[in-house]
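Given next are the chains, with one letter for each unit.
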Amino acid sequence: MSEIKLLNVLDIYLDSENPRHVPINNQTEIITHLLKNEKVRNLAKDIAANGISPIELFAVIKDSAGHYVALEGNRRLCALTLLNDPRVAPNNEQVNYFKKLVSGSSKPPSAVRCAIFDNREDADIWIERRHEGEQDGVGTRSWDSNQISRHKRGKDKVDNNALALSILDYSTTQGFLTEKNKTKILTTASRYLGNPYFRKTLGIVSGRSDAEIVINVSFEEFDRVIERFSHDLVDKDSGVNSRTKQADWENYADFLIKNGIAPTRNIEKIKLSDKNRLKTKGTSSTTSGNNDVGGGTTSNGGTNNSENSSSSSNNPNGNPGSTKGSTTRHPDKRLYLVSSDFKAPIKDKILRRIFEELKTILVDDKPLAVSLVARAFLENVYSEFLEKQTGSYPKMPIHVVMEKVLKIIEEDTDLSKKELNSLASLRKVQSNTDNILNPKSLGANAHGSIYPSARELKREWDNIVSIIEYMLRKNDALSYGHKHRRSVK
C-alpha cells in the first residue's frame, strides 16, 4: 500500500538505479546525464511557464539512510531541482539558463505530491504500467495521430492534420473507409491535402488546418473523387503513400483529372456539413445553372422532394428514398466494381494493370467496359490459380478451368465461413450460364449480345470477392516466378 504525502523537492533524491541510465551513485552526475540525454531543459522551460502536471504523482521510497528516493518522475524531479536551486547545474551556462527561467516565473513548486511506497517491488507494477507500452490495454495507451488531431480540433488549436482528419472521418461515415484502416493513413492524407493544387483538383476550398470541409463542387462529384482517394490511400500498390513528394501529389491529381474522377464543374461554395440538411430540404445535387449550392436547384428551376429523388445518388447512405440512411454507404451506391476494402496481393504485372484499370472505370456509367475488364481479370485469376496448384498452365476452356479450380478449393478444410459462402457463390456462377459473371455471359457481353447491369455486377462481385482474394493470396504464396502471361483459350 502507498500513502500520498507532500514533500519538498530538495528533500527528494534522484534514483541511482533509474532505467534511463546505468547505475550512477553521484547526484550531480545523474543531473548531468539527464540534462544531456533526456531533454530536461525543455521540460524545465515548460514547467516554468505552466507549472507541474497536477495529474501525475511522484513515486518514492525511503532508502536505508532514511532519504526519499524518486522511483518515478526523475526527469520532472531533475527539472524541479534545477529550478529550485540552479547552482546544482553542472556548468555556468546551465546555471544561468535555469536562473533566467526562475526569474521570469512563479510556477515552479517547491513541494510536490508523492506516493510513498514501502519498497521498489510495490512500486514496480505501477511504473511498468506507465513505461512499458500499452500492454494489451493494461498500460498507458498513447494517442495515435488521428486522436491527437481530434483533440486539437476540439480545442481550436492549429493542426496541419485537421482537414485530412475531417476528410477521413467523412469517408468513414460514407463507407469509403473502415475505422481500422483509417488510423494508418492520416499522415499520407495530410501530405496530399496539404498541397493547394491537389485540394483544388478535389474541389476543396478549405486549408489544410481547417477542420470544416468547404467545397465548390457538387456532392456527387466530391463523393466520387473522395471515394477513389480513400481507396488509393489504403491500397499499398496504388503509389499513394507517405514517401511521395510534391511532384507525385500533383501527378496523382492529374491522373484523377485525366480519368474523369476529379470534379469537372465548380459551383457556389458550400460546407460539406450542410449536405444532410440540404438533402432533407429536398435539393438535388445533379443540377445545372449558376445557382448551384452543392447541386442547387433542378434544371427546370424547381426542387426535388425526397420521394421524387429516391433513386438519385443524392442519398449515398442507406436505401433509396431514405433521407436518414445508415452510417455506411449502401454497397449498390459505390462508384466502382471493386470496393475500397479489397485486400489481396497481385504481383503479376499484367494482372495488376488489369486490376488498376478495373478500379478506375465508373461502373454505373460504363457497365459494359467494367464487365469486359472484369472478364480479363477473373479469367487470369482462375488460370493462374490452377497453374500454381498443378504446375502447368491450363490449355482448356475457362468454364473447365473454373470447375477444376472449385474442386481444388473445396478440398481446403481451413476456409473461413466467409470464404465458404463465397466459394458456394462462385460455384453458382460457374454452373449458371445466365449469371452475369459466368464466362458465357461475359463472352456475350464482349460480343454485344447482352448489355450488363451495373447493379448485378456489383452484387455478384461482392458474393465471390472473398474467394477471389483467397485465390490471389494462394497465388502469391505459391509464386515461383512466371514471367509471361499466356492468353486464355
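Nothing here was measured: the structure is a model prediction, and the numbers come from that model.

A.B. asks: How should the sheet that holds strand β1 (residues 3–8) be read in this particular structure?
C.D. replies: Hydrogen bonds between backbone atoms are what pair the strands of a sheet, whose relative direction is either parallel or antiparallel. Reading across the sheet, the five strands line up as β1-β5-β3-β4-β2 and stay open at both edges, with mixed pairing between neighbours. Edge positions in the sheet fall to β1 and β2 (12–14), since each has one partner strand and no second. Adjacent strand axes in the sheet meet at a mean angle of 50° when their direction is disregarded. In terms of strand pairing, β1 meets strand β5 (residues 111–116) through six bridges, oriented antiparallel. Bridged to I4 within β5 is A115.

A.B. asks: Teacher, can you tell me more about the packing of aromatic side chains here?
C.D. replies: If you walk through the whole model with that rule in mind, you get 15 aromatic pairs. Ring plane angle 90° and centroid distance 5.1 Å describe the contact between Y97 and F98, whose orientation is recorded as edge-to-face. Grouped by ring-pair contacts, the aromatic residues Y192, F198, F229, W249, Y252 and F255 constitute a single cluster. One cation-aromatic arrangement involves R41 over Y97; the distance from NZ or CZ to the ring centre is 3.9 Å. For the cation-ring pair, R76 lies above F58, with the distance from its terminal atom to the ring centre recorded as 4.4 Å.

A.B. asks: Before we go on, may I ask you to explain the pattern of salt bridges in this structure?
C.D. replies: Opposite charge on two side chains permits pairing when their charged atoms draw close. Evaluation of the coordinates by the stated rule reveals 27 salt bridges. A salt bridge links E93 to R41, with the shortest nitrogen-to-oxygen separation between them at 3.2 Å. Within this pair, whereas E93 is found in helix α4 (residues 92–103), its partner R41 is found in helix α2 (residues 40–50), the two being separated by 52 residues in sequence. Here R352 ties to D237 by a salt bridge, and the two come within 2.7 Å at their closest N and O atoms. Here R352 is found in helix α14 (residues 349–358), whereas its partner D237 is found in the loop between α11 (219–234) and α12 (246–258), with 115 residues between them in sequence. Relative accessible area serves as the criterion here: at 12%, R352 is assigned to the buried category. D237 sits in the partly exposed class, given a relative accessible area of 38%. One continuous salt-bridge network, built from bridges that share partners, spans D235, D237, R352, E356 and K359.

Rules and cut-offs
- Position labels on residues start from 1 in each chain and follow its written sequence.
- pLDDT decides what is reported in this predicted model: residues at 70 or higher carry local features, side-chain atom pairs at 80 or more are listed and counted, and totals for whole chains, interfaces and linings draw on all residues regardless.
- Values shown for side chains rest on all heavy atoms present in the structure; no hydrogens or waters enter the calculation.
- One bridge is not enough; two strands pair if DSSP finds at least two bridges between them.
- Numbering of helices and strands runs from the N terminus; a helix is a DSSP stretch of H or I covering at least four residues, while a strand is a stretch of E covering at least two.
- For helices, the fitted axis covers only the stretch in contact; all axes are lines through C-alpha atoms, and the angles between them, taken along N-to-C directions, range from 0 to 180 degrees.
- A pair of Phe, Tyr and Trp rings is counted when the ring centres sit within 6.5 Å of each other, with Trp represented by its six-membered ring. The angle between the planes then sorts it: under 30 degrees is stacked, over 60 is edge-to-face, the rest tilted.
- A ring has a charge above it when a Lys NZ or an Arg CZ is no more than 6 Å from the ring centre and no more than 35 degrees off the ring normal.
- We define a salt bridge as a contact between a side-chain nitrogen of Lys or Arg and a carboxyl oxygen of Asp or Glu at a distance within 4 Å.
- Accessibility here uses a 1.4 Å probe with only protein chains present; expressed as a share of the type maximum, an area under 20% marks a residue as buried, one over 50% as exposed, and anything in between as partly exposed.

Distances and angles like these do not, on their own, reveal function.
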